[in-house]
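Residues per chain, in single letters:
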2 protein chains.
Amino acid sequence: MEIFDEELPAEISQACATSPLRSAICFIGDMWILLIVMHLLHGPMRFNALRESMGHISSKTLSQRLKMLEEKGFVQREAFLEIPPRVEYRLTSTGQELGDVIKAIDQFAEKNFSAK
Amino acid sequence: MEIFDEELPAEISQACATSPLRSAICFIGDMWILLIVMHLLHGPMRFNALRESMGHISSKTLSQRLKMLEEKGFVQREAFLEIPPRVEYRLTSTGQELGDVIKAIDQFAEKNFSAK
DNA sequence: CAGGATCCGATCGGATACTG
DNA sequence: CAGTATCCGATCGGATCCTG
């Protein structure tokens, strides 16, 4: 049930649970997490919109990562009681702080990943 | 032979090769890469020292990531002709720029991953 | 539309053994 | 010491099908 469990197998926790920075690296060091956050920075998005804008992510992977982000309190899920159903995902205020990380990556990217 | 090939299977390139930012996210969105860079920020390190300080990374995984970092020009390998052999890995000047990313993650970590 | 359930191949990554 | 090679189980993640 726990997706990002604090009780990881002993070896991994040695790499991850040692310090806040390492914990963050283990969490953030995931392509999908970063891509999701990057897209949500522009504003709330619906599940399928997110899915399509990310270029072939499976619904399984997407919903799993969204749950991880929710558990950590970085993303908030909001479901509207409509038919057909509408669900929006938005960054929480603490989630917004991840924008700085994306920004740092972006600056690095412009210098070192453009037209290379 | 190519570890981080530019010719990825079509689906993945759609998520990664679209923009510099996405490329960077795909590269940086890797726990091991981030952990290695984090450790090398303090200065050059030898293979086994790196290995041990990272808490149970296999030599296979470590050497593979180091190669990826070398291919991108973020890490430089320097072998000394001694016995027993000594090899040091250091961040290149462009690799040092990844320090800003780590710094951003660290600031985020202190706020959101301490004693949680 | 938003996602859960299942199946399954592909990849990852550790353990181990070996080499210069 | 600094890796490479191999084996193999575990995990990942896509495809597909199904539901409220």
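Since the structure is predicted, the reported quantities are computational estimates derived from the model, not experimental observations. (Residues numbered from 1 in each chain as written. Chains lettered and ligands numbered in written order. Predicted model: local features only at pLDDT ≥ 70, side-chain atom pairs only at ≥ 80, totals over all residues. Heavy atoms only, no water.)

Peer 1: For this particular structure, what's the right way to read the overall build of chain A?
Peer 2: Summing up its helical and strand segments, chain A has seven helices and three strands in all. Put simply, chain A runs from its N terminus to its C terminus through helices and strands in the order α-α-α-β-α-α-β-β-α-α. In chain A, buried positions account for 47% of the 116 residues. For chain A, the accessible surface area stands at approximately 6,200 Å², while carbon and sulfur atoms represent 52% of it. (Helix = DSSP H or I, 4+ residues; strand = E, 2+ residues; numbered from the N terminus. Buried < 20%, exposed > 50% of the residue type's maximum accessible area, 1.4 Å probe, protein only. Areas by Shrake-Rupley, 256 points an atom, 1.4 Å probe, with all protein chains shown as cover.)

Peer 1: It is not clear to me how the protein's contact with DNA strand D should be interpreted in this structure. Could you clarify?
Peer 2: Within the structure, DNA strand D sits among 19 residues, and Ser-58, Lys-60 and Thr-61 of chain A together with Arg-77 and Tyr-89 of chain B are positioned closest to it. Put simply, 67% of the atoms of DNA strand D that lie within 4 Å of the protein are in sugar or phosphate. Contacts to DNA strand D include Arg-46 of chain B, whose side-chain N or O atom sits 2.8 Å from a phosphate oxygen. Side-chain polar atom of Ser-63 of chain B to a phosphate oxygen of DNA strand D: 3.2 Å apart, as the coordinates give it. (Near = heavy atom within 4 Å. Polar contact = N/O pair within 3.5 Å; in protein donor to acceptor, adjacent residues only side chain to side chain.)

Peer 1: Please clarify how the sheet that holds strand β2 (residues 75–80) of chain B should be interpreted in this entry.
Peer 2: Whether parallel or antiparallel, the strands of a sheet pair through hydrogen bonds between backbone atoms. Residue and element names in this part refer to chain B. With antiparallel pairing, the three strands of this open sheet are ordered in space as β1-β3-β2. The sheet is open, and its two borders are formed by β1 (45–46) and β2, each paired with just one other strand. As paired elements, β1 and strand β3 (residues 86–91) share two bridges and run antiparallel to each other. Within β3, the position partnered with Met-45 by the bridge is Tyr-89. Helix α3 (residues 31–40) rests against β1, β2 and β3 of the sheet, and its axis sits at about 95° to β3. (Pairing = 2+ DSSP bridges. Contact = heavy atoms within 4.5 Å. Axes fitted to C-alpha atoms, helices over the stretch in contact; angles between N-to-C directions.)

Peer 1: In this structure, what is going on with the confidence of the model for chain A? I would like to understand it.
Peer 2: In low-pLDDT regions, the fine details of the predicted coordinates are not to be read closely. Mean pLDDT over chain A stands at 89; residues scoring 70 or higher make up 87%. Of the regions scoring below 50 in pLDDT, residues 1–11 of chain A engages in 14 contacts with residues more than four places distant in sequence or in other chains. (pLDDT = per-residue confidence, 0-100.)

Peer 1: What is the right way to read the packing of aromatic side chains from this model?
Peer 2: Aromatic ring pairs are defined here through the distance separating the ring centres and the angle between the ring planes. A full pass over the atoms with the stated rule returns 10 aromatic pairs over all chains. Plain terms: the ring middles of Phe-74 of chain A and Phe-113 of chain B are 6.0 Å apart, the flat faces sit at 55° to each other, and that makes the pair tilted. Taken as a pair, Phe-74 of chain A in the loop between α5 (59–71) and β2 (75–80) and Phe-113 of chain B in the segment after α7 (98–112) lie in two separate chains rather than in one. Here Phe-74 of chain A falls in the buried class, since its relative accessible area comes to 2%. Three or more aromatic residues link up through ring pairs in this structure, and these residues are Phe-27 and Phe-74 of chain A together with Phe-108 and Phe-113 of chain B. In this structure, Arg-86 of chain B is placed above the aromatic ring of Phe-80 of chain B, and the distance from its NZ or CZ to the ring centre is 3.9 Å. (Phe/Tyr/Trp six-rings, centres within 6.5 Å; stacked < 30°, edge-to-face > 60°. Lys NZ or Arg CZ within 6 Å of the ring centre and 35° of its normal.)

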